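Analysis of the macromolecular model
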Amino acid sequence: MDPNQTFLDMFEAMKSEEFETARERAIALKDWFAKGGFYPHQFTPEAMHAYIASVMRRTAGHGPEPLFTLICCDCDAGDGIHTEEQAITEGWSEIEPAFALPQANYCGRCPDCRDR
Ligand SMILES: [Zn+2]
(Lines give C-alpha, C1' and ligand atoms only; values in the text may rest on other atoms or scores of the structure.)
Protein backbone atom coordinates (compact mmCIF):
# COMPACT_ATOMS: atom_id res chain seq x y z
CA MET A 1 0.00 0.00 0.00
CA ASP A 2 1.12 3.58 -0.62
CA PRO A 3 0.10 5.56 2.48
CA ASN A 4 0.70 8.89 0.69
CA GLN A 5 -1.88 8.03 -1.96
CA THR A 6 -4.28 6.53 0.58
CA PHE A 7 -4.03 9.67 2.69
CA LEU A 8 -4.72 11.89 -0.34
CA ASP A 9 -7.71 9.71 -1.28
CA MET A 10 -9.05 10.05 2.27
CA PHE A 11 -8.51 13.82 2.23
CA GLU A 12 -10.24 14.25 -1.13
CA ALA A 13 -13.11 11.97 -0.10
CA MET A 14 -13.70 14.06 3.05
CA LYS A 15 -13.68 17.25 0.98
CA SER A 16 -16.30 15.88 -1.40
CA GLU A 17 -18.26 14.30 1.48
CA GLU A 18 -17.80 10.73 0.25
CA PHE A 19 -17.86 9.46 3.79
CA GLU A 20 -17.85 5.74 3.03
CA THR A 21 -14.71 6.07 0.92
CA ALA A 22 -13.05 8.32 3.49
CA ARG A 23 -13.79 5.82 6.24
CA GLU A 24 -12.48 2.89 4.20
CA ARG A 25 -9.23 4.78 3.59
CA ALA A 26 -8.93 5.78 7.26
CA ILE A 27 -9.33 2.15 8.33
CA ALA A 28 -6.77 1.02 5.74
CA LEU A 29 -4.27 3.61 7.00
CA LYS A 30 -4.85 2.68 10.62
CA ASP A 31 -4.28 -0.97 9.78
CA TRP A 32 -1.12 -0.12 7.82
CA PHE A 33 0.41 1.85 10.71
CA ALA A 34 -0.60 -0.76 13.29
CA LYS A 35 1.41 -3.29 11.25
CA GLY A 36 4.48 -1.04 11.32
CA GLY A 37 4.07 0.64 7.92
CA PHE A 38 5.94 3.88 7.26
CA TYR A 39 4.30 7.30 7.57
CA PRO A 40 3.85 9.84 4.75
CA HIS A 41 6.93 12.07 5.13
CA GLN A 42 4.99 15.29 5.64
CA PHE A 43 3.17 14.02 8.75
CA THR A 44 4.22 13.15 12.25
CA PRO A 45 2.60 9.97 13.58
CA GLU A 46 0.71 12.12 16.14
CA ALA A 47 -0.75 14.38 13.44
CA MET A 48 -1.65 11.42 11.24
CA HIS A 49 -3.44 9.54 14.03
CA ALA A 50 -5.27 12.68 15.12
CA TYR A 51 -6.50 13.16 11.56
CA ILE A 52 -7.54 9.51 11.19
CA ALA A 53 -9.41 9.77 14.52
CA SER A 54 -11.24 12.88 13.33
CA VAL A 55 -12.23 11.15 10.06
CA MET A 56 -13.48 8.14 12.04
CA ARG A 57 -15.61 10.42 14.23
CA ARG A 58 -16.99 12.43 11.34
CA THR A 59 -17.82 9.34 9.25
CA ALA A 60 -19.49 7.38 12.06
CA GLY A 61 -22.50 5.52 10.66
CA HIS A 62 -21.07 5.38 7.11
CA GLY A 63 -19.17 2.52 5.54
CA PRO A 64 -17.32 -0.25 7.30
CA GLU A 65 -16.61 -0.65 11.00
CA PRO A 66 -12.97 -1.01 11.97
CA LEU A 67 -11.64 -4.33 13.22
CA PHE A 68 -11.94 -4.84 16.95
CA THR A 69 -8.36 -4.49 18.13
CA LEU A 70 -7.79 -3.75 21.78
CA ILE A 71 -5.05 -2.45 24.03
CA CYS A 72 -5.07 -1.91 27.77
CA CYS A 73 -4.79 1.74 28.79
CA ASP A 74 -2.37 0.78 31.59
CA CYS A 75 -0.24 -1.97 30.04
CA ASP A 76 0.32 -3.61 26.64
CA ALA A 77 -2.24 -6.41 27.02
CA GLY A 78 -4.86 -6.95 24.34
CA ASP A 79 -3.15 -9.15 21.75
CA GLY A 80 -5.32 -12.07 20.73
CA ILE A 81 -8.65 -10.41 21.56
CA HIS A 82 -10.77 -10.08 18.45
CA THR A 83 -14.28 -9.16 19.60
CA GLU A 84 -15.80 -7.00 22.29
CA GLU A 85 -17.72 -10.04 23.59
CA GLN A 86 -14.45 -11.94 24.03
CA ALA A 87 -12.92 -8.98 25.89
CA ILE A 88 -15.87 -8.74 28.27
CA THR A 89 -15.88 -12.51 28.83
CA GLU A 90 -12.18 -12.32 29.73
CA GLY A 91 -12.86 -9.60 32.29
CA TRP A 92 -12.02 -6.39 30.44
CA SER A 93 -13.85 -3.21 31.39
CA GLU A 94 -14.09 0.45 30.34
CA ILE A 95 -13.81 -0.46 26.64
CA GLU A 96 -14.09 2.55 24.36
CA PRO A 97 -13.10 3.63 20.84
CA ALA A 98 -9.56 4.97 20.67
CA PHE A 99 -8.97 5.81 17.05
CA ALA A 100 -6.13 8.19 17.83
CA LEU A 101 -4.03 5.35 19.25
CA PRO A 102 -1.51 3.91 16.82
CA GLN A 103 -1.69 0.34 18.15
CA ALA A 104 -5.39 -0.47 18.35
CA ASN A 105 -8.90 0.77 17.61
CA TYR A 106 -10.21 0.38 21.15
CA CYS A 107 -8.73 0.72 24.60
CA GLY A 108 -9.92 -0.64 27.89
CA ARG A 109 -8.73 -1.94 31.21
CA CYS A 110 -7.46 -5.53 31.27
CA PRO A 111 -8.37 -7.92 34.13
CA ASP A 112 -4.85 -7.69 35.61
CA CYS A 113 -4.87 -3.90 35.78
CA ARG A 114 -8.46 -3.84 37.00
CA ASP A 115 -7.55 -6.07 39.97
CA ARG A 116 -4.44 -4.09 40.80
ZN1 LIG B 1 -3.47 -3.89 31.68
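The structure reproduced in this document is the subject of the present report. (Residues numbered from 1 in each chain as written. Predicted model: local features only at pLDDT ≥ 70, side-chain atom pairs only at ≥ 80, totals over all residues.)

Turning our attention to the packing of helix H2 (residues 19–34) against helix H3 (residues 45–58). Remark: H2 packs on H3, axes separated minimally by 9 Å, with the N-to-C direction vectors making an angle of 145°. H3 is crossed by H2, and the crossing has left-handed handedness. Contacts between H2 and H3 involve Ala22, Arg23, Ala26, Leu29 and Lys30 from the former and Ile52, Val55 and Met56 from the latter. Split by residue class, the contact of H2 with H3 holds six nonpolar, no polar and two charged. (Axes fitted to C-alpha atoms, helices over the stretch in contact; angles between N-to-C directions. Helix = DSSP H or I, 4+ residues; strand = E, 2+ residues; numbered from the N terminus. Left-handed = near helix turned anticlockwise from the far one by under 90°. Contact = placed C-beta atoms within 7 Å. Nonpolar A, V, L, I, M, F, W, Y, C, P; charged D, E, K, R; others polar.)

Moving on to the nonpolar core. Membership of the largest hydrophobic core is limited to 12 residues, which are Phe7, Met10, Ala13, Met14, Ala22, Ala26, Ile27, Leu29, Met48, Ile52, Val55 and Met56. At the level of secondary structure, the elements contributing two or more residues to this core comprise helix H1 (3–15), H2 and H3. Setting aside residues no more than four positions away along its own chain, Met56 makes contact with Arg23, Ala26 and Phe99. Of all hydrophobic cores here, the second largest spans 10 residues; its members include Leu70, Ile71, Tyr106 and Cys110. (Core = buried A, V, L, I, M, F, W, Y, C linked by C-beta atoms within 7 Å. Buried ≥ 20, exposed ≤ 12 C-beta atoms within 10 Å, placed from the backbone.)

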